[in-house]
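These are the residues of each chain, in order.
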Amino acid sequence: MCVLAHSSFFDLGERADSLNLVSKLLLNENPASMLPTALFVLEPVLITPWHDLAAWFQNDESTAFGTMHGVRFWEYLGRDSWQNDLFNKSLAGDTRLISSVLIDKAGESIFEGIDTLVDVGGGTGAMACAIVNRFPRINCTVLDLPHVVTGLSGGMNPWFVPGDMFEEIPPADGILHKSILHDWEDEESVKKLKRCKEAMAKSSHGGKTVSIIDTVAAVRMRREQRRQPHSSVLTR
Ligand SMILES: C[S@@+](CC[C@H](N)C(=O)[O-])C[C@H]1O[C@@H](n2cnc3c(N)ncnc32)[C@H](O)[C@@H]1O
């Protein structure tokens, strides 16, 4: 309770437990609830690698997670359906919050002229559903790993397609990546962006936009803002 209060999760007043904007985001009944996200990042499977960083520094494995668990994160989730479910719910919570900002503030300009869209690594489709609700003319496909999308049925729109984004991305006018690129090394990201280029070249309109919504390192963000004070890049 003390830590939470000092981290501005509660307003300190006469009653130390009064909720503020931050703690309200952890309420289940809040439509923008980030509770599943908070629960997932506190899962022991994610916390334990931080306790053994020394082992990671002494090998060639690219992540501390891989050092601790012997497999990369996505492979681990493919084997553990409980963690997979928790992770997908956590991302869906994050997406509910971000999609409302994205669609309200920038939706018209981002999706103008787009008839077909692929949400690459789109998880269980929270972003795709929000886009289709607001822009029903857009035919949206969610591409993700089989253990994420198999069995999901969004009816006609969005479609869920199991696959590997490093192998092939379905043809589309627009391609969206939310919270994807930060997971990969530069070489892997370039490989994936080449798949995007191929997919857009095959679309009937010849492809229009690749949208990237992701975490930007603070130092890069500040530099970017100095150069482009009115940058259309959405950062968080
Ligand atoms: C950080 S999550 C982002 C999910 C979603 N875009 C969102 O923001 O809610 C990354 C997603 O990429 C998917 N993914 C990882 N490797 C993939 C691959 N090779 N091909 C397709 N999807 C992949 C994961 O299953 C996961 O759903």
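Further up the page is the structure itself.
Thresholds applied
Residues numbered from 1 in each chain as written. Predicted model: local features only at pLDDT ≥ 70, side-chain atom pairs only at ≥ 80, totals over all residues. Heavy atoms only, no water. Pairing = 2+ DSSP bridges. Helix = DSSP H or I, 4+ residues; strand = E, 2+ residues; numbered from the N terminus. Right-handed = clockwise from strand over helix to strand, strands pointing away. Phe/Tyr/Trp six-rings, centres within 6.5 Å; stacked < 30°, edge-to-face > 60°. Buried < 20%, exposed > 50% of the residue type's maximum accessible area, 1.4 Å probe, protein only. Near = heavy atom within 4 Å. Polar contact = N/O pair within 3.5 Å; in protein donor to acceptor, adjacent residues only side chain to side chain. Areas by Shrake-Rupley, 256 points an atom, 1.4 Å probe, with all protein chains shown as cover. Patch = residues over 30% accessible without salt bridge, like charges linked within 9 Å, V, L, I, M, F, W, Y side chains within 5 Å. Salt bridge = Lys/Arg side-chain N within 4 Å of Asp/Glu carboxyl O. Axes fitted to C-alpha atoms, helices over the stretch in contact; angles between N-to-C directions. Contact = heavy atoms within 4.5 Å.

1. So, the pairing of strand 7 (residues 209-213)
Turning to step 1, where the next piece is worked out: By the bridge criterion, 5 bridges tie strand 6 (residues 174-178) to strand 7 in an arrangement that is parallel. Looking at strand 7, one finds that Ile-175 is bridged to Val-210.
Turning to step 2, where the next piece is worked out: For the segment spanning strand 6, helix 11 (residues 186-201) and strand 7, crossover handedness is right-handed.

2. Overview of the packing of aromatic side chains
Turning to step 1, where the next piece is worked out: Tallied over the full model, the rule gives 10 aromatic pairs.
Turning to step 2, where the next piece is worked out: Aromatic pair Phe-73 and Trp-74: ring centres 4.9 Å apart, planes at 65°, arrangement edge-to-face.
Turning to step 3, where the next piece is worked out: In this structure Phe-73 comes out as buried when scored by relative accessible area, which is 18%.
Turning to step 4, where the next piece is worked out: Each member of the aromatic cluster is reached from another via a ring pair, and the members are Phe-40, Phe-65, Phe-73, Trp-74, Tyr-76 and Phe-87.

3. Re the site of the ligand
Turning to step 1, where the next piece is worked out: Around the ligand sit 19 residues in total, of which Thr-95, Gly-121, Asp-144, Asp-164 and Lys-178 are the nearest.
Turning to step 2, where the next piece is worked out: In the model, a nitrogen atom of the ligand is placed 2.8 Å from a nitrogen or oxygen of the Gly-121 main chain.
Turning to step 3, where the next piece is worked out: Within the contact set of the ligand, a nitrogen atom lies 2.9 Å away from a side-chain nitrogen or oxygen of Asp-164.
Turning to step 4, where the next piece is worked out: For the ligand, the accessible surface in isolation is 590 Å², of which the surrounding protein chains cover 94%.

4. Brief notes about a nonpolar patch on the surface
Turning to step 1, where the next piece is worked out: A contiguous nonpolar surface patch, about 200 Å² in accessible area, is contributed by Leu-193, Val-210 and Ile-212.
Turning to step 2, where the next piece is worked out: For Ile-212, a relative accessible area of 37% translates into the label partly exposed.

5. Notes on the sheet that holds strand 5 (residues 159-162)
Turning to step 1, where the next piece is worked out: Here we have 5 strands laid out as an open sheet, ordered 5-4-3-6-7, and parallel in their pairing. Every interior strand has two partners, whereas the edge strands, strand 5 and strand 7, have only one. Ignoring strand direction, the axes of neighbouring strands in this sheet form an average angle of 20°.
Turning to step 2, where the next piece is worked out: Against the sheet, helix 11 makes contact with strand 3 (116-120), strand 6 and strand 7, and its axis sits at roughly 155° relative to strand 6, the strand it touches most.

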